[in-house]
Amino acid sequence: MWRCPCGTPFGVWLTRQALSTARGPEPSPPPPLPAMASAAMVASSRALFRPHRLLLLPDPRRRRHLSASAVASANAAARTVRRGVVDVLRERGLVEATTSEALGSSSAVSGEQQQLKVYCGFDPTAESLHLGNLLGLVALSWFRRCGHTAVALVGGATGRVGDPSGKSAERPELDLAAVVANSDAIKSLIAQILSRAPEPSHHGQSGKSAILDKHEDALANSDQDLSEKSGNAGESMGSFVILDNYDWWKDITLLDFLKEVGKFARVGTMIAKESVKKRLNSEDGMSYTEFTYQLLQGYDFLYVFKNMGVNVQIGGSDQWGNITAGTDLIRKILQVEGAHGLTFPLLLKSDGTKFGKTEDGAIWLSSKMLSPYKFYQYFFSVPDVDVVRFMKILTFLSLDEIHELEESMKKPGYVPNTVQRRLAEEVTRFVHGQEGLEEALKATEALRPGAQTQLDSQTIEGIADDVPSCSLRYDQVLKSPLVDLAASTGLLASKSAARRLIKQGGLYLNNMKIDSEDKLVEEGDIVDGKVLLLSAGKKNKMVVRIS
């Protein structure tokens, strides 16, 4: 790479000269370039796409701090990060790989820690994120807790294509209305969750946050916010911003993309990506549309790096190929260093199966698709062999406290599921807030067979979407033998099974144990005149709505 006599990369020198021109006196001309270098440098300094020329060299009167951030990103490769967020993530098992050792270095340069702006992408393939996306939100929150800027990028554009990574077949195509609706819902959900990231005890105030369609100014000012609060990262809570890549993709034409980006991509390199090789060798193969996805995501990284100073992309281990596609484009097109990638392990159980799937489907993060009670119960049921690891990667408890909980499991008198209960509380609070946790705890206690808590119809209805339910007429229920009701509703296979369960002390009506096979449903058993709750043991329940 050609450098000016002072050692500054030409791309950085050119940006500084452009800013100086807008602010004051005419800059002196650059030193003469060798003929070949001159042509290459001039070509690389042009905007990638005509609609975005002003963004690639931002107006300093509008985004002065943004320009400084972009320059800092270009020089970031020469700096190292003292022990901070990457070391924290690595200790907790949240680092699979990084593109540069400098990103995780524990040494410092001049006593200053590099300011990072890190983004994680979320495609709107449904109206809610699921448990597999939670690690990305946790990782972004750790960057915030260490004073850096977290950026959640919703793929309003890339979601229309579909990421082939980890998929055995092409995703079903979504209509545009669904993509827009999903994007809006996911932006709102991410904002709620990221705003709940607990601050370290020594942090006095939290950084700002924003959901923006016109987002460059917020990212530009985030560096200033951090510097005003503290001299270095890790002493103040970082900010977060939510972007939508449709905001820049909507103005890009195919011909411009092929000319300005496609020519820098090498087909051999793209085919060598693990996600591509698997699909090419499969029976269905891979469409050209999905094949280009890595370039689309790669350009996203280039765009936010150049225009907003975002210098780190994170994602699951299956995103490595897409992330390195971005770092490669930044090096080739912008001819600067300083873009880094970090991946974290996929959320798997100890047996290697995915964590976050049930017989009923995905574990959704939105309360509209899965109640806080059901979400809480899922974590409460985590096996002992997995619970400590999930505490490390999914909660913000200190490692010392997690170690104490782990040791408590080995002591005599340990009450089963005590650590699971703490895991469920911490994760539910992060995803659903304190109100959601209280709702889950209330329902858990009220619906526990044998609990003394007084049941009400609202509490029972709150779990009706999460457990089997049915509707019966009032005259079908009143004075009906409970043995008959347990069988007719499908709670148990037969009347004889119901009688056996009563003898074993395992059949409950509204959490009250039934001791007699002759029990009839009385008017007072119908909660608020609306519902009944039948339980077979601790887990199997049936909500009976009375019409």
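Residues numbered from 1 in each chain as written. Predicted model: local features only at pLDDT ≥ 70, side-chain atom pairs only at ≥ 80, totals over all residues. Heavy atoms only, no water.

Points about the overall build of the protein chain
Line of reasoning, step 1. Counting secondary structure elements, the protein chain contains 23 helices and 14 strands.
Line of reasoning, step 2. Sequence-distant contacts in the protein chain: of pairs separated by 6 or more residues, those separated by 24 or more amount to 76%.
Line of reasoning, step 3. In the structure as shown, the protein chain presents an accessible area of about 25,200 Å², 51% of it carried by carbon and sulfur atoms. (Helix = DSSP H or I, 4+ residues; strand = E, 2+ residues; numbered from the N terminus. Contact = heavy atoms within 4.5 Å. Areas by Shrake-Rupley, 256 points an atom, 1.4 Å probe, with all protein chains shown as cover.)

So, the layout of surface pockets
Line of reasoning, step 1. Each pocket or cavity is described by its volume, and for the largest pocket that value is around 1,500 Å³.
Line of reasoning, step 2. Looking at the largest pocket, it is lined by 43 residues, and the ones nearest its centre are Tyr373, Gln377, Ser381, Lys538 and Lys539.
Line of reasoning, step 3. Tallying contributions element by element places helix α16 (residues 372–380) first for the lining of the largest pocket, with 6 residues.
Line of reasoning, step 4. Residue classes in the lining of the largest pocket are distributed as 21 nonpolar, 9 polar and 13 charged.
Line of reasoning, step 5. Counting the residues that make up the lining of the largest pocket, at least three belong to each of domain 2 (370–445) and domain 3 (455–544). (1 Å grid on protein atoms, 1.4 Å probe; cavity = no way out; pocket = protein on both sides within 12 Å on 5 of 7 lines; lining within 4 Å. Points joined across faces, edges and corners; volume = space filled by probe spheres on them. Nonpolar A, V, L, I, M, F, W, Y, C, P; charged D, E, K, R; others polar. Domains from an automatic or database assignment.)

Some remarks on the side chain of Lys541
Line of reasoning, step 1. Position of Lys541 relative to the elements: it lies in strand β14 (residues 540–546).
Line of reasoning, step 2. At 11 Å, Glu445 is the nearest oppositely charged side chain to Lys541, a buried residue that forms no salt bridge.
Line of reasoning, step 3. Aside from chain neighbours lying at most four places away, what touches Lys541 is Tyr373, Leu447, Pro449, Ile463, Val467, Pro468, Leu491, Leu533, Leu534 and Ser535. (Buried < 20%, exposed > 50% of the residue type's maximum accessible area, 1.4 Å probe, protein only. Lys, Arg positive; Asp, Glu negative; His and termini not counted. Salt bridge = Lys/Arg side-chain N within 4 Å of Asp/Glu carboxyl O.)

Let's talk about the sheet that holds strand β11 (residues 507–509)
Line of reasoning, step 1. Sheet architecture is open: 5 strands sit in the order β10-β14-β13-β11-β12, paired in mixed fashion. Only two strands of the sheet have a single partner each, and these edge strands are β10 (469–472) and β12 (512–513).
Line of reasoning, step 2. Judged from the 2 bridges that link them, β11 and β12 form a sheet pairing that is antiparallel. Looking at the pairing, Tyr508 lines up with Lys513 of β12. (Pairing = 2+ DSSP bridges.)

A word on the pairing of strand β5 (residues 240–244)
Line of reasoning, step 1. In terms of burial, β5 is largely enclosed, as 5 of its 5 residues are buried.
Line of reasoning, step 2. Of the two faces of β5, the one holding Phe240, Ile242 and Asp244 and the one holding Val241 and Leu243 are both buried throughout.
Line of reasoning, step 3. Sheet analysis places strand β3 (residues 149–154) next to β5, joined by 5 bridges and oriented parallel. Bridge pairing links Leu153 to Leu243 in β5.

Thoughts on the environment of Leu492
Line of reasoning, step 1. Residue placement: Leu492 occurs in the loop between α22 (482–488) and α23 (495–503).
Line of reasoning, step 2. Every residue in contact with Leu492, bar those within four places of it in the chain, is listed here: Ala486, Ala487, Ala497, Ala498, Leu501, Leu507 and Ala536.

Thoughts on a nonpolar patch on the surface
Line of reasoning, step 1. Together, Leu254, Leu255, Leu258 and Tyr288 make up an exposed nonpolar region whose accessible area comes to about 480 Å².
Line of reasoning, step 2. Considering each element in turn, the nonpolar patch owes the most residues, 3 residues, to helix α10 (residues 254–260).
Line of reasoning, step 3. Considering the arrangement of structural elements, one finds Tyr288 in helix α13 (residues 288–291).
Line of reasoning, step 4. For Tyr288, a relative accessible area of 58% puts it in the exposed group. (Patch = residues over 30% accessible without salt bridge, like charges linked within 9 Å, V, L, I, M, F, W, Y side chains within 5 Å.)

Some details on the pairing of strand β2 (residues 117–122)
Line of reasoning, step 1. The element β2 is largely enclosed, with a buried count of 5 among its 6 residues.
Line of reasoning, step 2. Note on the crossover from β2 through helix α6 (residues 131–145) to β3: the handedness is right-handed.
Line of reasoning, step 3. As paired strands, β2 and strand β6 (residues 312–316) are joined by 3 bridges and run parallel to one another. Bridge assignment links Cys120 to a residue of β6, and that residue is Ile314. (Right-handed = clockwise from strand over helix to strand, strands pointing away.)

Here's the deal with the pattern of salt bridges
Line of reasoning, step 1. Under the criterion given, the structure shown has 13 salt bridges.
Line of reasoning, step 2. One salt bridge connects Glu522 with Lys479, and the closest N-O pair in it is separated by 2.7 Å. Taken together, the positions of Glu522 in the loop between β12 and β13 (531–536) and Lys479 in the loop between α21 (474–477) and α22 put the pair 43 residues apart, joining distant regions of the chain.
Line of reasoning, step 3. Judged by its relative accessible area of 31%, Glu522 falls in the partly exposed class.
Line of reasoning, step 4. Between Glu517 and Arg499 there is a salt bridge, with its nearest N and O atoms 3.9 Å apart. In this pair, Glu517 is assigned in the loop between β12 and β13 and Arg499 in helix α23, connecting sequence segments 18 residues apart.
Line of reasoning, step 5. The class of Glu517 is partly exposed, set by a relative accessible area of 32%.
Line of reasoning, step 6. You can call Arg499 partly exposed: its relative accessible area is 34%.

So, empty space enclosed by the protein
Line of reasoning, step 1. Across all of its chains, the model carries 3 cavities of 30 Å³ or more by this definition.
Line of reasoning, step 2. Of the volumes computed, that of the second largest cavity is approximately 100 Å³.
Line of reasoning, step 3. If you trace the second largest cavity, you find it lined by Phe264, Ala265, Arg266, Thr269, Met270, Lys273, Gln294, Leu295, Ala325, Asp328, Leu329 and Lys332.
Line of reasoning, step 4. Only α11 (267–272), α14 (293–308) and α15 (320–334) provide two or more residues apiece to the lining of the second largest cavity.
Line of reasoning, step 5. Take the lining of the second largest cavity: its biggest share by element is 4 residues, from α15.
Line of reasoning, step 6. For the lining of the second largest cavity, a count of residues per class yields 6 nonpolar, 2 polar and 4 charged.

A short note on helix α7 (residues 176–194)
Line of reasoning, step 1. If you check α7, its first and last C-alpha atoms are 27 Å apart, about what 19 residues at 1.5 Å a residue would give, namely 27 Å.
Line of reasoning, step 2. Buried within α7 are the following residues: Val179, Asn182, Ser183, Ile186, Lys187, Leu189, Ile190, Ala191, Ile193 and Leu194.
Line of reasoning, step 3. Between a side-chain oxygen at the N-terminus of α7 and the backbone nitrogen of Ala177 the separation is 3.1 Å; the capping residue is Asp175. (Expected span 1.5 Å × (residues − 1). Polar contact = N/O pair within 3.5 Å; in protein donor to acceptor, adjacent residues only side chain to side chain.)

Here we look at the nonpolar core
In summary, soluble globular proteins display a tendency toward joint burial of nonpolar side chains.
Line of reasoning, step 1. Leu131, Ile190, Ile314, Leu365, Phe379 and Leu394 are the most contacted members of the largest nonpolar core, which totals 68 residues.
Line of reasoning, step 2. Each of domain 1 (83–198 + 236–342) and domain 2 (370–445) accounts for three or more of the residues forming this core.
Line of reasoning, step 3. Core analysis: the second largest hydrophobic core is formed by 32 residues, Phe291, Met308, Val310 and Ile333 among them. (Core = buried A, V, L, I, M, F, W, Y, C linked by side-chain atoms within 4.5 Å.)

Focus: the confidence of the model for the protein chain
In low-pLDDT regions, the fine details of the predicted coordinates are not to be read closely.
Line of reasoning, step 1. Of all residues in the protein chain, 73% have pLDDT values of 70 or greater, and the mean over the chain is 77.
Line of reasoning, step 2. Here helix α3 (residues 53–56) is the element of the protein chain with the lowest mean pLDDT, 35, and helix α18 (residues 399–408) is the one with the highest, 96.
Line of reasoning, step 3. Segment residues 18–82 is flagged for pLDDT under 50; beyond a separation of four residues in sequence, or across chains, it makes 124 contacts in the model. (pLDDT = per-residue confidence, 0-100.)

Describing the packing of aromatic side chains
Line of reasoning, step 1. Going through the model one piece at a time under the given rule, you end up with 10 aromatic pairs.
Line of reasoning, step 2. For the ring pair Tyr376 and Phe380, a centre distance of 6.2 Å and an interplane angle of 15° mean the geometry is stacked. Separated by 4 residues within a single helix, Tyr376 and Phe380 lie in helix α16, roughly one turn from each other.
Line of reasoning, step 3. Residue class for Tyr376 comes out buried when judged on its relative accessible area of 2%.
Line of reasoning, step 4. Ring geometry for Tyr378 and Phe379: centres 5.9 Å apart, planes at 90°, overall edge-to-face. (Phe/Tyr/Trp six-rings, centres within 6.5 Å; stacked < 30°, edge-to-face > 60°.)

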